[in-house]
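Observations on chain architecture
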Amino acid sequence: MKNEKKGLLIPKTDVVFQALFGVQGSERILGGLLSKIIDEDIENISLEANQNLIRRIPEEKLGVLDLRAKIGDVADVDIEVQLQNKHNIPERGLNYWAKMHAMQLKSGDKYQNLKKTILILILDFEIKELNKFLDAHSKHKILDIRDPKVIVFKNLEIHIIELPKITKYPEKTEEGLKAWMKFLMEPESEVVKMGAKEDKELGEAVEKLEYISGDDELRRIAELREKYILDEASEREAEKQEGIKQGIKEGKREGKKEGKKEEKINTAKRLLKIKMPINQIIEITELSEEEIQTLNRNS
């Protein structure tokens, strides 16, 4: 499966991400990535919970993949790679977290046995709720607004990484994390090459990517996935443009209607001034008797 000058696959493509980090044997490199995101040393990581390997749905459209792991007996982790902005990340993310956290509880279990659930959202776009921040990585918990140091709900932790900000504001991203995120976006970049010399797990991830990039079947699936994403984005843009066109047309129609109505009102006002009978004004202007009576009272 040698990669014959076809270039490396792009790890942010969810099926490639899954093949890199989601299969057993990838624990070390996944631990390296997670340690840079949650800023903790990770020694014991398991991928047994990761059931969502590459899967297909009708017409070879590939389903969105997530990656699930366990950090010892301390935390469950869900990593979502989102390449398209559907403008619902806050709601969607919290729903993902809630579902995964609830899955821990089996019949007869005590709530005290629930572990921390960490959701990591890696986004290929920026979200408006974080526009005021330049750094690409944000960490979210439930805090007391009077004292952020008070954390009662310790099991919730959500990380959001906006990949475009790493390119726009590279100085605002932690160096270790920046190298890993650049790896997801541009695996052959100088930042990655330099980072791989200092970060053993990143170096291993690069080597594994080189290996799997020579897998023709995975490359075909990744290309299908990328094509599906591009086609879906193109369809949404076309729908948006069509909506704008329809809105403009509707606006013009409404404008014409309003203009005609204004003309009728002005005509009725002039006819009222010359004391024309209301029934004749109705016939001429096609306004209702109530509308004309209102004009008459206000004149």
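Rules used throughout
- Residues numbered from 1 in each chain as written.
- Predicted model: local features only at pLDDT ≥ 70, side-chain atom pairs only at ≥ 80, totals over all residues.
- Heavy atoms only, no water.
- Salt bridge = Lys/Arg side-chain N within 4 Å of Asp/Glu carboxyl O.
- Helix = DSSP H or I, 4+ residues; strand = E, 2+ residues; numbered from the N terminus.
- Buried < 20%, exposed > 50% of the residue type's maximum accessible area, 1.4 Å probe, protein only.
- Patch = residues over 30% accessible without salt bridge, like charges linked within 9 Å, V, L, I, M, F, W, Y side chains within 5 Å.
- Areas by Shrake-Rupley, 256 points an atom, 1.4 Å probe, with all protein chains shown as cover.
- Axes fitted to C-alpha atoms, helices over the stretch in contact; angles between N-to-C directions.
- Parallel < 35°, antiparallel > 145°, perpendicular 65-115°, else oblique.
- Left-handed = near helix turned anticlockwise from the far one by under 90°.
- Contact = heavy atoms within 4.5 Å.
- Nonpolar A, V, L, I, M, F, W, Y, C, P; charged D, E, K, R; others polar.
- Pairing = 2+ DSSP bridges.
- Right-handed = clockwise from strand over helix to strand, strands pointing away.
- pLDDT = per-residue confidence, 0-100.
- Core = buried A, V, L, I, M, F, W, Y, C linked by side-chain atoms within 4.5 Å.

**With respect to the pattern of salt bridges**
- Tallied over the entire structure, the rule returns 19 salt bridges.
- Across the pair Asp199 and Lys36 runs a salt bridge whose closest N-O atoms are separated by 3.3 Å. With Asp199 in the loop between helix H6 (190–198) and helix H7 (200–212) and Lys36 in helix H2 (residues 27–38), the pair connects residues that are 163 residues apart, well separated along the chain.
- Given a relative accessible area of 29%, Lys36 falls into the partly exposed group.
- Of the charged contacts, one joins Lys168 and Glu126 as a salt bridge, the two residues approaching to 2.8 Å between their closest N and O atoms. Of this pair, Lys168 sits in helix H4 (residues 163–168) while Glu126 is found in the loop between strand S6 (116–123) and strand S7 (137–140), placing the two residues 42 residues apart along the sequence.
- Taken together, the shared-partner salt bridges in this structure form one network comprising Arg28, Glu201 and Glu204.

**Description of a nonpolar patch on the surface**
- The grouping of Ile142, Val150, Val152 and Phe153 at the surface amounts to a nonpolar patch, some 370 Å² of accessible area in total.
- With respect to the helices and strands, Phe153 occurs in the loop between S7 and strand S8 (156–162).

**Regarding the packing of helix H5 (residues 175–185) against H6**
- Packing of H5 against H6 brings their axes to within 9 Å, and their N-to-C directions diverge by 130°. As summarised for this structure, H5 and H6 are arranged oblique, according to the angle between their axes. Regarding H5 and H6, the two cross each other, and that crossing is left-handed. Facing H5, whose interface residues are Ala179, Lys182 and Phe183, H6 presents Val191, Val192 and Gly195.
- For the contact of H5 with H6, the per-class residue count stands at four nonpolar, one polar and one charged.

**Some words on the pairing of strand S5 (residues 75–82)**
- Counted residue by residue, S5 has eight buried out of eight residues, so it is predominantly covered.
- The two faces of S5 match: Ala75, Val77, Ile79 and Val81 on one face and Asp76, Asp78, Glu80 and Gln82 on the other face are all buried.
- Strand direction decides the pairing type here: strand S4 (residues 66–71) and S5, joined by six bridges, are antiparallel. Within S5, the position partnered with Asp66 by the bridge is Glu80.
- The hairpin turn running from S4 into S5, its antiparallel successor, is three residues long, and Gly72 in that turn takes a positive phi close to 50°.
- One ladder, built from eight bridges, connects S5 with S6; its direction is parallel. Bridge pairing in S6 links Asp78 to Leu119.
- Crossover S5 to S6 through helix H3 (residues 89–103) is right-handed.

**Quick notes on the confidence of the model for the protein chain**
- Mean pLDDT over the protein chain stands at 84; residues scoring 70 or higher make up 84%.
- At the level of individual helices and strands, the protein chain shows its lowest average pLDDT in strand S2 (residues 56–57), which scores 39, and its highest in S8, which scores 96.
- Between residues 52–63, whose pLDDT stays under 50, and residues either more than four places distant or in other chains, the model counts 31 contacts.

**Brief notes about the nonpolar core**
- Grouped together as the largest cluster of nonpolar side chains are 49 residues, with contacts concentrated most on Phe17, Phe21, Leu30, Ile79, Trp180, Met181 and Phe183.
- In this view, Trp180 contacts Phe21, Ile29, Gly32, Leu33, Lys36, Asp199, Glu201, Leu202 and Ala205; residues no more than four positions away in its chain are not counted.
- Grouped together as the second largest cluster of nonpolar side chains are 12 residues, Trp97, Ile127, Leu156 and Ile160 included.

**Remarks on the environment of Ile142**
- Along the chain, Ile142 falls in the loop between S7 and S8.
- As a C-alpha pair, Ile142 and Leu156 span 14 residues in sequence and 7.1 Å in three-dimensional space.
- If we ignore the near neighbours within four places in the chain, the residues touching Ile142 are Ile151, Phe153 and Leu156.

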